[in-house]
Every structure is written in C-alpha cells, then in structure tokens.
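# Residue-level structural notes
Next come the chains, spelled out residue by residue.
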Amino acid sequence: MNESRPESMSSFWMPFTNNRDFKAHPRLLVSAQGMYYKDVDGNAILDGTAGLWCVPCGHAQPKIVAAVSEMVGQLDFAPTFQMGHPAAFELAERLMDYTNHKFGHVFYTNSGSESVDTALKIALAYHKARGEGGRTRLIGRERGYHGVGFGGLSVGGIGANRKAFGPLLPGVDHLPHTHNPAKNAFARGEPEHGVELADELERLVALHDPSTIAAVIVEPVAGSTGVLVPPQGYLKRLRELCTKHGILLIFDEVITGFGRLTTPFAVDYFDVEPDLMTTAKGLTNGTVPMGAVFSKKFIHDAFMEAPAGIELFHGYTYSGHPLACAASLATLEVFREQAILDNAREMQPYWEDAVHSLRGLPHVIDIRTIGLVAGIELQSIPGKVGARAFAAFKQAFADGILIRVTGDIIALSPPLVLEKKHIDELFGKLATVLKNLD
C-alpha cells in the first residue's frame, strides 16, 4: 500500500465529511496494528473508536488476515442465488452458536444499512405471508440511527440525516427518545428515570390500530446520536407491548453487537429478545464489509409454508461473500481463543471510572457509560452547535488519539483488547484537550 500523500484528493467525494475542511487539513491513516493506527507522517494514533465502532478484536489480527488471504486465493467470489459455498453455511451455524441459539436463521447483507432495510422488508413480508398484509406501518424512534437506506432513514430519527431527501417512506411513526439530562445526567449504566417512555407505543397503537403496525425498530443503545442508554426496564416494556399487539420487535445491534457491552449482544446484556436483530461492523472485525439479520425461527418458517419456489424476493450480489464469511469465521475464533469478552468485562470498571473522571472539566455537561462505550456531552457554543466537539476531535487527532464526535458529543468505543495503559493514555490526552478548549 502507498503510504505517501496522494497527489490529489479532489476526486473522492467523502461520506459524512466536511470535504472542503478535510482536504485543506487532511488526516490520513496508512496502517494499523493492535490498538493503534499510523498516520501518513508516521505518528501513532491510539484508536478510541474501534475504527467506526467496527474493530472489536483490534487491528491486523493474524488469524483474520490469514483467513481472508487464503480465501481470496481459493474462492474470490461465489453467488448465493440458487447456489452457495460451504463457508456461508458453516458461518450461519457458528453464528447460531454465538447467539446461544436465541435465533433460528441468519440472512446475509453487506452493511448495517442493508441489514436494517432487509429486516424491515422481512417484517412486512412476514405479516403478508400470514394473511395480515394490512400491517404496513413501521415505528422507529427519535434520535435513532438505522443507516442511510430509504427504509433506515425513514425509521431513523436524526434530522440532519433526513432533511435533504424528501418525504421518505410513508406510514412511519416515531417513539420519543429517552434522553433526559435533567434527571439522568452522569449515569453509569442504565439510567433510573424514563421507563414510562416505552408506553408511548400504546399511544401510537391507539392512534393507528395494532392491525396496521408491522414492526418497531430501536437501537438497544443509541450510538450514532451520542450514546443514549435505555432507562431501566425500558426495553423489557417495549418487548411486552410488541408481544401484546402482535408487532415484531427489531433490535438494531449494528453497534452493540459483538461485544460492545461486554456481552455477545445487547440481547444478552438486557435479557430481552427481539424477533429480528440487525448486525454488521464487528461481524468481520471491520476487515470485509458484511452484515447479517438474525431471525426467530417462526418468522423464517412462515415463508417456508408458501407454495414451492423462491420464498423471499430479496438479496444482494455479495450476500455471504466468501471473503466476508472467512473473515467472520476467523473473527469468531479470535473472540473465543483470545477471550475477548473476558478482557472487556475486566476492563469495564476501570474504563468507566476513567470516563467519569472527566466530570468537572470545562464544558462537560453530561457523561454516559455502559459496557465499553461512552458519551461525553459538551456545552454547545451559542449559534455553533457541533463546533466545540469538532475542535476537540481535530486536536485529539493531532495529540495522537482518535475520538468520534456527533454534534457536541464525544463518543468513545475502543477495541475490546485494550489494556489499562491504553485507557490511561486515551483519557490523559483527552483531559488535556478538554482543559484547553475554547
């Protein structure tokens, strides 16, 4: 790989990026190993965000690198329409094991966005297959992030992501978000107040009638909006209400899946089982794009009762790509062989204390933690929402740490292989950044 600066950066239209600002002051990464990136100038950058929430096992894991390298030489591509390859079926069985068989089947995609749109389509088609085709309404949540497909944007609740793209899908409604800093500021784990917000689903059911509602989709922990942790009992209450009204419950675990909360999935952490679960990111340790939708057996079986033929007219060219399957199989082995979740659980109290040590620093108005994820909310500059956190992001990179910002919230989600020395470095440098912010 070329580790020098590109001659031109004008042709690449970068995603979710202030392109003009970036190209005037670029931050270029050229390699990664373990907990660190290296930039184009040779500086080590401690990864405080697991790439983009997607590298739980740390960078350049030898077993994953070897598995992908071997597969690209053996089977560079194989379609999964009306045919298949062994790794796709082997991986599906291993994923069922990893969920402790809470689900019965898995449908492969290539990203979190595709997983969400796939889950929404499965929910709609499931009801139709059962003779309840009137269940077409989808319910998301304010401040939710479910990718950038039209389905995900429609059920998502982040205004900046939606406003440029017109009315989006019809028949979509939203639950209120759960963020309540007046009552829950500086919470560790699930905040005490807010379980009653789940009962807003009853209001929407009364408004639309349950016979029109197909599914409710939520992130167990809302990540991209700034780490909003569900109130105690909130997810259990949503599960009860969905069951009561025959509505499918979808958990978007693209961020929380594969260890982020120190358990395999948020399903395990909160002891609440949805009917469908979307995943991506950590599924392959970020090495090859891949997503997966986990389905309860009863949903899959409803399709199998149709007349002989294709049961679900949906899929992607790269569903179950051989390289992605190889990467995911190796990732699951790394989780097991290196006891990644054990390390995450061991580091969690030290991590939590380090995050909350920032309380009292200039501009810090709230801190939220759960598992190995944290949101640090800063007071916005009047008339310049996001400017303060973005300044922190730039200075942090210059000081050798990678953080993520959304609005004026710093979001942290390190690789799960971190050690205490990495926590000390991350928060030592971040504290200095915060102390010197305007």
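Coordinates for the structure precede this section.
Described below are features of the structure shown in this document. Everything numeric in this text was worked out from a predicted model, so none of it was measured. Each chain carries its own residue numbering, running from 1 in the direction its sequence is written. Only residues with pLDDT of 70 or above have their local features reported here, since the model is predicted, and side-chain atom pairs are shown and tallied only from 80 upward, although totals for entire chains, interfaces and linings are computed over all residues. The side-chain numbers reported here are obtained from all heavy atoms of the structure, hydrogens and water having been left aside.

## Some points on the sheet that holds strand β7 (residues 213-218)
Short version of the rule: DSSP-based pairing: two strands are paired if at least 2 bridges between them are found. Each helix is a run of DSSP H or I of at least 4 residues and each strand a run of E of at least 2, with the numbering of both proceeding from the N terminus. Axis angles are defined between N-to-C directions and span 0 to 180 degrees, where every axis is a line fitted to C-alpha atoms and, for a helix, only to the segment in contact. The contact rule is simple, with two residues in contact once any of their heavy atoms fall within 4.5 Å.
Taking strand neighbours across the sheet as the criterion, the seven strands line up as β4-β10-β9-β8-β7-β5-β6 in an open arrangement whose pairing is mixed. Each having just a single partner strand, β4 (105-109) and β6 (172-175) make up the two edges of the open sheet. Strand-to-strand twist across the sheet, computed as the mean angle between neighbouring axes with direction ignored, equals 20 degrees. Here strand β8 (residues 248-252) pairs with strand β9 (residues 276-279) via three bridges, running parallel. Across the sheet, I250 pairs through a bridge with L276, a residue of β9. On the sheet, helix α9 (residues 200-208) packs against β5 (137-141), β6 and β7 and is oriented at approximately 155 degrees with respect to β6.

## Let's talk about the nonpolar core
Most often, soluble globular proteins keep nonpolar side chains buried together rather than apart. For clarity, the threshold we go by: Working definition of a nonpolar core: buried Ala, Val, Leu, Ile, Met, Phe, Trp, Tyr and Cys residues. They are joined through side-chain atoms within 4.5 Å. Relative accessibility under 20% of the residue-type maximum defines a buried residue, over 50% an exposed one, and the middle range a partly exposed one, all with a 1.4 Å probe and only protein chains included.
One finds L95, W351, I376, I410, L412, F427 and L430 to be the most contacted residues of the largest nonpolar core, which totals 104 residues. When residues of this core are assigned to their parent elements, the largest contribution, ten residues, is made by helix α13 (residues 322-337). Apart from residues no more than four positions distant in its own chain, L95 is found in contact with V106, Y108, F258, L283, F294 and L332.

## Description of the environment of K63
Tracing the chain through its elements places K63 in helix α3 (residues 62-74). A relative accessible area of 31% means that K63 is categorised as partly exposed. For the pair K63 and E333, spaced 270 residues apart in sequence, the C-alpha to C-alpha distance is 8.4 Å. Not counting residues up to four positions away in its chain, the partners in contact with K63 are A330, E333, V334 and E337.

## Examining a nonpolar patch on the surface
Here is the rule: Within the patch definition used here, like charges are joined within 9 Å and nonpolar side chains (Val, Leu, Ile, Met, Phe, Trp, Tyr) within 5 Å, considering only residues with over 30% relative accessible area and no salt bridge. All accessible-area figures derive from a Shrake-Rupley calculation using a 1.4 Å probe, and residue coverage is judged against the displayed protein chains alone. By salt bridge we mean one thing: a side-chain nitrogen of Lys or Arg within 4 Å of a carboxyl oxygen of Asp or Glu.
A contiguous nonpolar patch, built from F150, F165 and L169 and spanning about 300 Å² of accessible area, is present on the exposed surface. Counting through the fold element by element, F165 comes out in the loop between α7 (159-162) and β6. By relative accessible area, F165 is classed as partly exposed at 46%.

## Let's talk about the packing of α9 against helix α10 (residues 234-245)
Test applied: Small angles under 35 degrees read as roughly parallel and large ones over 145 as roughly antiparallel, with 65 to 115 read as roughly perpendicular and the rest as oblique. Crossings are sorted by hand: turned counterclockwise from the far helix by less than a right angle, the near helix makes the crossing left-handed, and turned clockwise it makes it right-handed. Any residue outside Ala, Val, Leu, Ile, Met, Phe, Trp, Tyr, Cys, Pro, Asp, Glu, Lys and Arg is labelled polar, Gly included; the first ten of those are nonpolar and the last four are charged.
Where α9 meets α10, the closest approach of the two axes is 10 Å, and the angle between their N-to-C directions is 25 degrees. One way to sum up the angle between α9 and α10 is to call them roughly parallel. α10 is crossed by α9, and the crossing has right-handed handedness. Across the interface between the two elements, L201, E202 and V205 of α9 pack against L238, L241, C242, K244 and H245 of α10. Grouping the constituent residues of the contact of α9 with α10 by class yields five nonpolar, one polar and two charged.

## Description of helix α14 (residues 340-356)
One full turn of an α-helix is made of 3.6 residues, so residues set three or four places apart face in the same direction. Just so we agree on the cut-off: Given the number of residues in a helix, its expected span is that number minus one, multiplied by 1.5 Å. Bend angle per residue: angle between axes fitted to the 7 residues ending at that residue and the 7 residues starting there.
For α14, built from 17 residues, the straight-helix expectation of 24 Å at 1.5 Å per residue is met to within 8% by its first-to-last C-alpha distance of 24 Å. Of all the bends in α14, the greatest, near 40 degrees, is centred on Q348, and the proline P349 appears no more than four residues after it. Regarding α14, the residues found buried are I340, L341, A344, M347, Q348, W351, E352, A354, V355 and H356. The secondary structure elements touched by the buried residues of α14 are α4 (86-98), α13, β11 (364-370), β12 (373-378), β15 (409-412) and α16 (420-435).

## Observations concerning the environment of E202
Structurally, the position occupied by E202 is in helix α9. Sequence separation between E202 and L412 is 210 residues, and the spatial gap between their C-alpha atoms is 34 Å. Beyond its immediate sequence surroundings of up to four residues, E202 is in contact with L241, K244 and H245.

## Some points on the environment of I247
Considering the arrangement of structural elements, one finds I247 in the loop between α10 and β8. In this structure, the C-alpha to C-alpha distance between I247 and L138, residues 109 residues apart in sequence, is 9.6 Å. Discounting residues that sit within four places of it in the chain, I247 has contacts with R135, V205, I213, A214, A215, V216, R239, C242 and D275.

## Some details on the pattern of salt bridges
Scanning all chains against the criterion turns up 24 salt bridges. Between K63 and E337 there is a salt bridge whose closest N-O contact spans 3.6 Å. Within this pair, whereas K63 is found in helix α3, its partner E337 is found in helix α13, the two being separated by 274 residues in sequence. Among the ionic pairs, E377 bridges to R368, the shortest N-O distance being 2.8 Å. By relative accessible area, which is 5% here, R368 ends up buried.

## Examining the side chain of H127
Within the secondary structure layout, H127 lies in helix α5 (residues 112-129). Not counting chain neighbours up to four residues away, the residues in contact with H127 comprise E132, G133, R135, I213, A214, G246 and L248.

## Side note on the packing of α5 against helix α12 (residues 297-304)
Axis separation between α5 and α12 bottoms out at 9 Å; the angle between their running directions is 55 degrees. Between α5 and α12, the interaxial angle falls into the category oblique. Handedness of the α5/α12 crossing: left-handed. Packed against α5, whose contacting residues are I122, A125, Y126 and A129, the element α12 presents F298, I299, A302 and F303 at the interface. Taken together, the residues that form the contact of α5 with α12 break down as eight nonpolar, no polar and no charged.

## Thoughts on the pairing of β7
We apply this condition: Seen with its strands pointing away from the viewer, a crossover is right-handed if its path from the first strand over the helix to the second goes clockwise.
β7 sits mainly inside the fold: six of its six residues count as buried. Relative to β7, β5 is paired through three bridges, and the arrangement is parallel. Within β7, the position partnered with I139 by the bridge is V216. In this sheet, β8 lies alongside β7 in parallel orientation, the contact comprising four bridges. Residue pairing across strands places V216 opposite L249, the latter belonging to β8. Taking the sense of rotation as the criterion, the β-α-β connection linking β7, α10 and β8 turns out right-handed.

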